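The primary structure of each chain is shown beneath.
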There are 2 protein chains.
Amino acid sequence: MRRDEATRRPARKPKHAYHHGDLRQALVQQALVTIQEHGVEALTLRQTGERLRVSRTALYRHFADKQALLAAVATEGFALFERALAEAWGDAAVPASRERFYRVGRAYVDFARRHPSHYRVMFGRFVDNVAADPALAGSADRAFGVLVTALEALQGVGLVRRHASPELAVSVWACTHGLAMLFIDGQLSRPDLDAEAMVLATLDRVWDFLTPR
Amino acid sequence: MRRDEATRRPARKPKHAYHHGDLRQALVQQALVTIQEHGVEALTLRQTGERLRVSRTALYRHFADKQALLAAVATEGFALFERALAEAWGDAAVPASRERFYRVGRAYVDFARRHPSHYRVMFGRFVDNVAADPALAGSADRAFGVLVTALEALQGVGLVRRHASPELAVSVWACTHGLAMLFIDGQLSRPDLDAEAMVLATLDRVWDFLTPR
DNA sequence: ACCTGAACACCGTTCAAGT
DNA sequence: ACCTGAACACCGTTCAAGT
C-alpha cells in the first residue's frame, strides 16, 4: 500500500506536515505498545516511525540510537515504578508497620506483572550503560529510594534490624526480583499455582530476613 | 576482504570440501562462543556460518531456524546444569544432609555465574516454545529432577518438611533464580558486596523455607 | 545427504537536502 | 529546528542448483 504520487493528496494530510505535538513522547509510547504486543526483540525503529506516520529517520532527531529509545522506555518505567511503590507505602505520617511493608512488596511484584514490558526493559540486558544516561540513572535511584525510605522507617520503629548488611538487602531484592521474573517469563502460570500464595510465601521469607533476631 | 576469483586456491582448502565432522555440534559451540563474547542479541546465523568456513545457509540443514539453534544451546546448557547439580549433591548412598543441600544451592548459583550465556538462553525469553522442542523439554526436566531427588532425600531423613506446597517450592526457586540473575546481569558487582556472603544469606533463607516448623 | 550462491524482504544508521 | 528519501552495510530465510 504505497503512496501513489499521481493521487490528489487528502486535505487533512498536507504533504510535509510535521508531527503533531511531542514526537519524542509519541515514539516512547509507540515503542512500548510494540514491546507489549510482540516483545523487545520485535521492536524496530522503522516500524515505530511508520506507525506514527513519520519518516524512518525522524526518530534520530530525538534519540541517538535504538539503545537511547529503550533507555527512555526504561526511564518512564522507573517513574511509574516509583509512583506505584510510593503509593503502596503510603503517607509518611502513618507509623511504619509490617502491613505497610507487605503492601510495598506486593506492589513490587504487581508492577512487574502489570507492566512486564517496562520491567523487562528496566532490568533486562536491553539497556546497557545505565550510568551513561543520567535521566535513567536518576529515575532508577528515585524508585529504589522509596524502598530505602520504607526500610529506614521500619528501622525507626524497631521492626527491622539496624546495620543490615548490604548482602542481606541483596538477598531481599533477589527473592522479589526472582519471583517477578518467573512471573513475567510465564513460568508460574500453571493452574495448580496460586499467585497470591506465592507472593505471600516469598514476602513472609523476606520479612524474616529483615526482622531483628 | 572478499575472495578474489582470480586467486589460485590454496591446496589445503579444496573448493567444495564439506564440513569436517559434526557441523551441527560445531554450530552450537560457535553460537555459544559468540554469545559469551558479545551477548545473545549479537548472534547472527551468517557470521556463525562464516566463522566455521561454511556457507550462510548450511545451517538450515541442521536447524529449522535461529530459534532452533538457540534451543540446542539451551538443551546443552541444561545437560551441563544437570551434571553440575548432580555432582554437587553427590552419591545417593551418602545420607542427605543440610550440608549437601547447601552444596547444591551453591552449585546452582555457581553454574549461572560460570555459564552466564547458557543460563540466560536457558531461562531468558530467547527460547519461546520449550514444549515444542522435546529434546529441550527433556533436558530441562532431567536437570530439575536432580533438585526434586535431593528434596525427596531430605524429606526422607526428616530435614525437609513433607507436603511442601508448590507455592513454597516456587519461592525457593525464585530466591535462587533471582540471585543468579542479578549476578549475571552485573548488578551485584560492587566492591562492597561479598558474593559468597550473598549466596550464603540467601541459602540460609531458603533452608528456613524448607525446614519443618 | 549435504553444501552452494543468488535473491527477497527486511534491519539500523548516515547523509545531503528540503521547509 | 525538524523532517525527508536515497543509500550503505547488514540481517533471516527461501530456493533452485550442484556434488
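*Asks:* Would you mind going over the protein's contact with DNA strand D in detail, with residue names and values included?
*Replies:* Around DNA strand D there are 20 residues in total, and Ser55(A), Thr57(A), Thr44(B), Arg46(B) and Thr57(B) lie nearest to it. The share of sugar and phosphate among atoms of DNA strand D within 4 Å of the protein is 45%. Within the side chain of Gln47(B), a nitrogen or oxygen atom sits 3.2 Å from a phosphate oxygen of DNA strand D. Here a phosphate oxygen of DNA strand D sits 3.0 Å away from a polar atom, N or O, in the side chain of Tyr60(B). Here the surface near DNA strand D is composed, by residue class, of eight nonpolar, seven polar and five charged.

*Asks:* Give me the packing of helix 4 (residues 98–114) of chain A against helix 5 (residues 116–123) of chain A: which residues, what numbers.
*Replies:* Pairs of packed helices are described in terms of their axes, by the angle between the two and the distance that separates them. Residue and element names in this part refer to chain A. At a minimum axis distance of 5 Å, the contact between helix 4 and helix 5 shows a crossing angle of 105°. Taken as axis vectors, helix 4 and helix 5 run roughly perpendicular relative to one another. Between helix 4 and helix 5, the residues in contact are Tyr108, Phe111, Ala112, Arg113 and Arg114 and Pro116, His118, Tyr119, Met122 and Phe123, respectively. Among the residues forming the contact of helix 4 with helix 5, the class breakdown is seven nonpolar, one polar and two charged.

*Asks:* So what's going on with the state of the cysteines? Which residues, and what values?
*Replies:* Summed over the entire model, instances satisfying the criterion amount to one disulfide over all chains. The disulfide partner of Cys175(A) is Cys175(B), and the S-S distance across this bridge is 2.3 Å. Its S-S torsion of approximately 115° makes the covalent link between Cys175(A) and Cys175(B) right-handed. With Cys175(A) in helix 7 (residues 166–184) and Cys175(B) in helix 7 (residues 166–184), this residue pair bridges two chains.

*Asks:* So what's going on with the relation of the copies chain A and chain B? Residues and values would help.
*Replies:* Related by rotation about an axis and a shift along that axis, the two copies of the chain form a pair. Between chain A and chain B, which share one sequence, the superposing operator has a rotation angle of 180° and an axial displacement of 0.0 Å; the RMSD is 0.0 Å. Both chain copies can therefore be described as sitting about a two-fold axis. Comparing interface residues between copies, 100% of those in chain A also lie at the interface in chain B; the contact surface is shared.

*Asks:* Report on the packing of helix 1 (residues 23–38) of chain B against helix 5 (residues 116–123) of chain B, specifying residues and quantitative values.
*Replies:* Residue and element names in this part refer to chain B. Two elements in contact, helix 1 and helix 5, have axes separated by 9 Å at closest approach and are oriented at 100°. One way to sum up the angle between helix 1 and helix 5 is to call them roughly perpendicular. For the pair helix 1 and helix 5, the contacting residues are Leu32, Ile35 and Gln36 in the first and Ser117, His118 and Val121 in the second. Here the residues of the contact of helix 1 with helix 5 are counted per class, giving three nonpolar, three polar and no charged.

*Asks:* Describe the side chain of Arg100(B), listing the residues and the values that go with them.
*Replies:* Residue and element names in this part refer to chain B. Position of arginine 100 among the secondary structure elements: in helix 4 (residues 98–114). Put simply, arginine 100 is tucked away with no salt bridge, and the nearest opposite charge, on aspartate 91, sits 6.4 Å away. Among the polar contacts made by the side chain of arginine 100, one reaches the main-chain carbonyl oxygen of tryptophan 89 at a distance of 2.7 Å. Excluding anything up to four places from it in sequence, arginine 100 contacts Ala88, Trp89, Gly90, Asp91, Ala92, Val94 and Pro95.

Criteria and thresholds
Residues numbered from 1 in each chain as written. Chains lettered and ligands numbered in written order. Predicted model: local features only at pLDDT ≥ 70, side-chain atom pairs only at ≥ 80, totals over all residues. Heavy atoms only, no water. Near = heavy atom within 4 Å. Polar contact = N/O pair within 3.5 Å; in protein donor to acceptor, adjacent residues only side chain to side chain. Nonpolar A, V, L, I, M, F, W, Y, C, P; charged D, E, K, R; others polar. Axes fitted to C-alpha atoms, helices over the stretch in contact; angles between N-to-C directions. Helix = DSSP H or I, 4+ residues; strand = E, 2+ residues; numbered from the N terminus. Parallel < 35°, antiparallel > 145°, perpendicular 65-115°, else oblique. Contact = heavy atoms within 4.5 Å. Disulfide = S-S within 2.5 Å. Least-squares fit on C-alpha atoms with pLDDT ≥ 70 in both. Buried < 20%, exposed > 50% of the residue type's maximum accessible area, 1.4 Å probe, protein only. Lys, Arg positive; Asp, Glu negative; His and termini not counted. Salt bridge = Lys/Arg side-chain N within 4 Å of Asp/Glu carboxyl O.

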